[in-house]
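Listed below, chain by chain, are the residues.
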Amino acid sequence: MIGLRIFKEPEIIDMLKEVGIKNVFMSYHFGIQDSLNGITNEMLNKVIRDLRDKDMRVVLMTTITNQNAKVTLHICDTAYELGASGIEFNKIFIQGRAKNLTNIGLNLNDYNTFFTQLKEARDKYDINELEVRRSGTFGSDTVNTPDRFHCSAGVKKVCITPDNKVYGCTCICKPGYEVGEIIDREIYLYKDFYNERSWCLGDKMGELGIDNIQELNDPNIKRLVKTIK
Ligand code: SF4
C-alpha cells in the first residue's frame, strides 16, 4: 500500500531518498484496481509523477486475470507512458479480498495470450527503458521456447517465520508446508524435500486457489505433498 501512503503523505518521498532508496515498487492494476486496493489509478498516476519528479525509479506490480491477460502489451505500453521503469506481472491469487472476485482465473488460452504478448513487450522495449518481468506463479511458458522457468522454492529461496520454520516460498508459507527449520542460526532443509521445479510449487499445492490447481491427480503432485508433510 505504498502508493496510497505516498498519495496521502507525498513528503515521504524525500524521506525515502534520504535513506538511500532509489526504487519504489507499487501495486498498479488494470481493470480491477478499485476492486482490489481501494485506490484509483488516477491517484496512483499522481504518485508516479511525484516519484519521477524526484528521480525515483518506479516499478509497477500488476495482477493478471482472464480479464486483462489479452491486453498485456497495452498494459506495458501504458506503464511506459506513465514513466515507470519496470513492470512485474503476478497471476491472480484467489485468496484474501480477491476471494470475492469469481471467474477470473486463467485458462490455457489466457496463458497463451499472456506469454505471447509478454514476449512482444520484451522485444519492443529495451530492458533499460522498461524492464518487463513476470513472477513464477505463471509456471512454465506455454508458448515460447526455450522455456527457462524453474521454481526456486526451497532451492534458491526460502521463507523463514518467527518460529524458526523454513518454507520454500512466501506463497506456501503456512503450517504443514515446512521444508526445513533453523538450527543454531543455520538453515536446514529436510532431506526428503524435493522440488521438481517445472511448476510453481505454490500453485500446485493450492495456495493460489483451488481454481488454479491443474492436474491435481498427477501422481507427482501427490508425492510432492506427501513428501513435504
Ligand atoms: S512457488 Fe516457486 S514458482 Fe511459485 S512463486 Fe514461489 S518460487 Fe516462484
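Every chain is numbered on its own, with residues counted from 1 as its sequence reads. In keeping with the model being predicted, local features are shown solely for residues with a pLDDT of at least 70 and side-chain atom pairs are shown and tallied solely at 80 or more, while totals for entire chains, interfaces and linings include all residues.

Student: Could you clarify how one ought to interpret the overall build of the protein chain in this entry?
Tutor: For the protein chain, the count of helices and strands is eight helices and eight strands. Across the 229 residues in the protein chain, those meeting the buried criterion constitute 32%. What counts as a contact here is a pair of residues whose C-beta atoms, placed from the backbone, lie within 7 Å. Of the contacts formed within the protein chain by residues at least 6 apart in sequence, a portion of 69% connects residues at least 24 apart. Runs of H or I in DSSP of at least four residues are treated as helices and runs of E of at least two as strands, each being numbered from the N terminus. Exposed residues have 12 or fewer other C-beta atoms within 10 Å of their own C-beta, buried residues have 20 or more, and residues in between are partly exposed; the C-beta atoms are placed from the backbone.

Student: Looking at this structure, how should I read the sheet that holds strand β6 (residues 165-167)?
Tutor: Working definition: the strands of a sheet are paired by backbone hydrogen bonds and lie parallel or antiparallel to each other. A pair of strands is considered paired only if DSSP assigns at least 2 bridges between the two. Taken in spatial order, the four strands of this open sheet run β5-β6-β7-β8, and their pairing is antiparallel. Two strands bound the open sheet, and with one partner strand each, they are β5 (159-160) and β8 (186-189). Alignment of β6 against strand β7 (residues 178-183), held across three bridges, turns out to be antiparallel. In the strand pairing of β7, lysine 165 is matched with glutamate 181.

Student: Can you walk me through the sheet that holds strand β3 (residues 86-91) in this structure?
Tutor: On the basis of which strands lie adjacent, the open sheet formed by four strands has the order β1-β2-β3-β4 and parallel pairing. Whereas interior strands pair on both sides, the edge strands pair on one side only; in this sheet they are β1 (23-27) and β4 (131-134). Strand after strand, the sheet turns through a mean of 20 degrees between neighbouring axes, direction not considered. Of the pairings in the sheet, the one linking strand β2 (residues 57-64) to β3 comprises six bridges and is parallel in character. Bridged to valine 59 within β3 is glycine 86. Interaxial angles span 0 to 180 degrees and are taken between N-to-C directions of axes, which are lines fitted to C-alpha atoms, for helices over the stretch in contact.

Student: Looking at this structure, I do not really get the site of the ligand. What am I missing?
Tutor: Around the ligand sit Ser135, Gly136, Thr137, Cys151, Ser152, Ala153, Lys157, Cys169, Cys171, Cys200, Leu201 and Gly202, and that is every residue in its neighbourhood. Classifying every residue of the shell around the ligand by side-chain character gives six nonpolar, five polar and one charged. Domain start and stop positions are those given by an automatic or database domain assignment. Two domains each provide a minimum of three residues to the shell around the ligand, namely domain 1 (2-138) and domain 2 (159-228). Nearness is defined per residue: the C-beta atom, placed using the backbone, must lie within 6 Å of the molecule or strand. All residues other than Ala, Val, Leu, Ile, Met, Phe, Trp, Tyr, Cys, Pro, Asp, Glu, Lys and Arg, Gly among them, are scored as polar; the first ten of these are nonpolar and the last four charged.

Student: How should I be thinking about the confidence of the model for the protein chain in this particular structure?
Tutor: Note: predicted coordinates in regions of low pLDDT should not be interpreted at a detailed level. Residues at a pLDDT of 70 or more form 82% of the protein chain, whose mean pLDDT is 84. Here residues 210-217 scores under 50 on pLDDT; set against residues more than four positions off or in separate chains, the count is nine contacts. The predictor rates its confidence in each residue with pLDDT, a number between 0 and 100. Scored below 50 in pLDDT, residues 221-229 shows 13 contacts in the model against residues more than four places distant or in partner chains.

Student: Even after reading the chapter, I still don't get the pairing of β1, so can you show me in this structure?
Tutor: Every regular strand shows the same layout, with side chains that alternate between the two sheet faces. Residues Val24 and Met26 of β1 are buried on one face, while the alternating residues Asn23, Phe25 and Ser27, pointing to the opposite face, are not. Here five bridges tie β1 to β2, and the two strands are oriented parallel to one another. From the neighbouring strand, serine 27 faces β2, where its bridge partner is methionine 61.

Student: What's the story with the environment of aspartate 55 in this structure? I'm lost.
Tutor: Within the element layout of this structure, aspartate 55 appears in the loop between α4 (41-53) and β2. Separated by 33 residues in sequence, aspartate 55 and lysine 22 place their C-alpha atoms 7.9 Å apart.

Student: Explain the nonpolar core to me, please; I cannot follow it from the model alone.
Tutor: One broad rule of soluble globular proteins: the nonpolar side chains tend to lie buried together. Ranked by size, the top nonpolar core spans 29 residues in total, and within it Val58, Leu60, Cys76, Ala79, Ala84 and Ile87 carry the most contacts. Those elements giving two or more residues to this core turn out to be β1, α4, β2, α5 (72-82), β3 and α6 (108-124). The element that contributes the greatest number of residues to this core is α6, accounting for five residues. Contact partners of alanine 79, with chain neighbours within four places excluded, come to Leu60, Ala84, Ile87 and Leu130. Note on definitions: a nonpolar core is a set of buried residues drawn from Ala, Val, Leu, Ile, Met, Phe, Trp, Tyr and Cys, linked by C-beta atoms within 7 Å. Among the nonpolar cores identified, the runner-up in size contains 14 residues, and Cys169, Ile172, Val179 and Cys200 belong to it.

Student: What is the right way to look at α5 in this model?
Tutor: Side chains of residues three or four places apart in an α-helix project in the same direction, reflecting 3.6 residues per turn. Residues Thr72, Ile75, Cys76 and Ala79 constitute the buried set of α5. Looking straight down α5, one finds that the buried residues subtend no more than 100 degrees of arc, so they occupy a single side. Next to the buried residues of α5 lie β2, β3, α6 and β4. With its phi angle positive at about 100 degrees, glycine 83 sits one or two positions after the end of α5. It is the directions from the helix axis to the C-beta atoms whose arc is reported.

Student: When you look at the packing of α5 against α6 in this model, what are you seeing that I'm missing?
Tutor: At a closest axis distance of 8 Å, the pairing of α5 and α6 adopts a crossing angle of 35 degrees. Residues Thr72, Leu73 and Cys76 of α5 form the contact with α6, whose own contacting residues are Phe114, Gln117, Leu118, Glu120 and Ala121. Looking at the contact of α5 with α6 residue by residue, the class counts come to five nonpolar, two polar and one charged.

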